[in-house]
Amino acid sequence: MPVLHNYFRSSTSTRLRAALNLKGLDYDYRAYALLKNETRTDAFLSKNPAGLVPVLELDDGTMLTQSLAIIEYLDEVHPAPALLPSDPAGRARVRGLAQMIACEVHPLNNLRVLQYLERAFDQDAAGKARWFAHWVHETFRPLERALADSPFTGRFCHGQDPGLADICLYAQVWNNARFDIDASPYPTVMRIFAACDEIEAFRKAAPPEQPDAV
Ligand SMILES: N[C@@H](CCC(=O)N[C@@H](CS)C(=O)NCC(=O)O)C(=O)O
């Protein structure tokens, strides 16, 4: 059984938990409290020198890092249910939607970025919340349009089945809620979030459901 090194509140961990659950794969859950720097120990850094979760440790000891790369690995090794469409244009669309969140929102709002704003730029909780909201809205505005305007959007981001883009959307909406981001400008995003939340694999991946949730 693979070992998932992760943290309940980490949205990149939520992504990976959702993918593992959708694939019906069991995993051994290991929690690292980010606020206690538990990913900065030598033991953790030997798994991922970047000191970031999630890491998926395979049975043979291989350590996989980067949530999107790990999810694509799972999709290759366990093809059903598919998390990417079968056609190249569809795959590019889904990867593009996923990367809007994974490359353009998440890195700017990650814990270490918010901590650096506080440490080096004297930002308090309100300043950090303003920064977080700004970067969410910068990408959620075009994300909403991309989803609402496309004939390929269905019950989920691409068609009638959940995939990689839904996984990223679901995890990010949980993050946004923690920072009280106004979701009212994003009805399509929130409709898809609700559709995901009806699926047990997603609900079981949500931050409050994890053993280390506080
Ligand atoms: N691009 C990476 C990002 C991983 C990442 O930033 N993880 C966050 C939690 S969501 C983390 O470990 N943060 C620790 C920190 O910022 O110190 C991925 O998708 O896996």
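None of these values were measured; they are calculated from a predicted model.

Reading guide: rules and limits
Residues numbered from 1 in each chain as written. Predicted model: local features only at pLDDT ≥ 70, side-chain atom pairs only at ≥ 80, totals over all residues. Heavy atoms only, no water. Helix = DSSP H or I, 4+ residues; strand = E, 2+ residues; numbered from the N terminus. Buried < 20%, exposed > 50% of the residue type's maximum accessible area, 1.4 Å probe, protein only. Lys, Arg positive; Asp, Glu negative; His and termini not counted. Salt bridge = Lys/Arg side-chain N within 4 Å of Asp/Glu carboxyl O. Polar contact = N/O pair within 3.5 Å; in protein donor to acceptor, adjacent residues only side chain to side chain. Contact = heavy atoms within 4.5 Å. Pairing = 2+ DSSP bridges. Right-handed = clockwise from strand over helix to strand, strands pointing away. Arc of directions from axis to C-beta. Domains from an automatic or database assignment. Buried area = accessible area lost by both parts, 1.4 Å probe. Axes fitted to C-alpha atoms, helices over the stretch in contact; angles between N-to-C directions.

Assignment of secondary structure puts Glu57 in strand E3 (residues 55-57). Buried within the structure, Glu57 lacks any salt-bridge partner; Lys47 is the closest side chain of opposite charge, at an N-O distance of 4.5 Å. Only 2.7 Å separates the side chain of Glu57 from the side chain of His5, close enough to count as a polar contact. Each residue touching Glu57, except ones within four places of it in the same chain, is listed here: Pro2, Val3, His5, Thr62 and Met63.

This paragraph deals with the pairing of strand E2 (residues 28-31). By the bridge criterion, four bridges tie strand E1 (residues 3-6) to E2 in an arrangement that is parallel. Within the sheet, the bridge partner assigned to Asn6 lies in E2 and is Ala31. The parallel pair E1 and E2 is bridged by helix H1 (residues 11-22), and the resulting crossover is right-handed.

Another point: helix H8 (residues 187-197). By the burial criterion, the buried members of H8 are Thr188, Val189, Ile192, Phe193, Ala195 and Cys196. An end-on view of H8 places all buried positions within 160 degrees of arc, on one side of the element. The elements touched by buried residues of H8 are helix H6 (125-148), helix H7 (164-178) and helix H9 (200-203).

Before going further, it helps to examine the domain arrangement of the chain. Many descriptions give the size of an interface as the accessible area lost when the pieces come together. By domain assignment, the chain separates into domain 1 (3-81) and domain 2 (88-202). Between the C-alpha centres of domain 1 and domain 2 the distance comes to 20 Å. With 15 residues of domain 1 at the contact, the number on the domain 2 side is 21 residues. Both faces combined, the contact of domain 1 with domain 2 buries some 1,500 Å², and carbon together with sulfur accounts for 70% of it. By the criterion of area lost to domain 2, the three top residues of domain 1 are Arg15, Leu22 and Leu68, representing 34% of everything that side buries. With a shortest N-O distance of 2.8 Å, Glu72 and Arg95 are connected by a salt bridge.

Burial along E1 is two-sided: Val3 and His5 facing one way and Leu4 and Asn6 facing the other are all buried. Across three bridges, E1 lies against E3 in antiparallel orientation. Bridge pairing in E3 links Val3 to Glu57.

So, on to the sheet that holds strand E4 (residues 63-65). Pairing is mixed in the open sheet, where four strands are placed in the order E2-E1-E3-E4. Strands with a single pairing partner mark the edges of an open sheet, and in this sheet they are E2 and E4. Between one strand and the next, the sheet's axes are offset by a mean angle of 20 degrees, whatever the strand orientation. Pairing between E3 and E4: three bridges, direction antiparallel. When the sheet's bridge partners are listed, Leu56 is paired in E4 with Leu64. Sheet contacts for H1: E1, E2 and E3; angle to E1, the most-contacted strand, approximately 155 degrees.

Here the structure, examined in full by the defined rule, presents seven salt bridges. Between Glu198 and Arg155 there is a salt bridge; the shortest N-O distance is 2.8 Å. With Glu198 in the loop between H8 and H9 and Arg155 in the loop between H6 and H7, this pair connects stretches of sequence that are 43 residues apart. A relative accessible area of 57% means that Glu198 is categorised as exposed.

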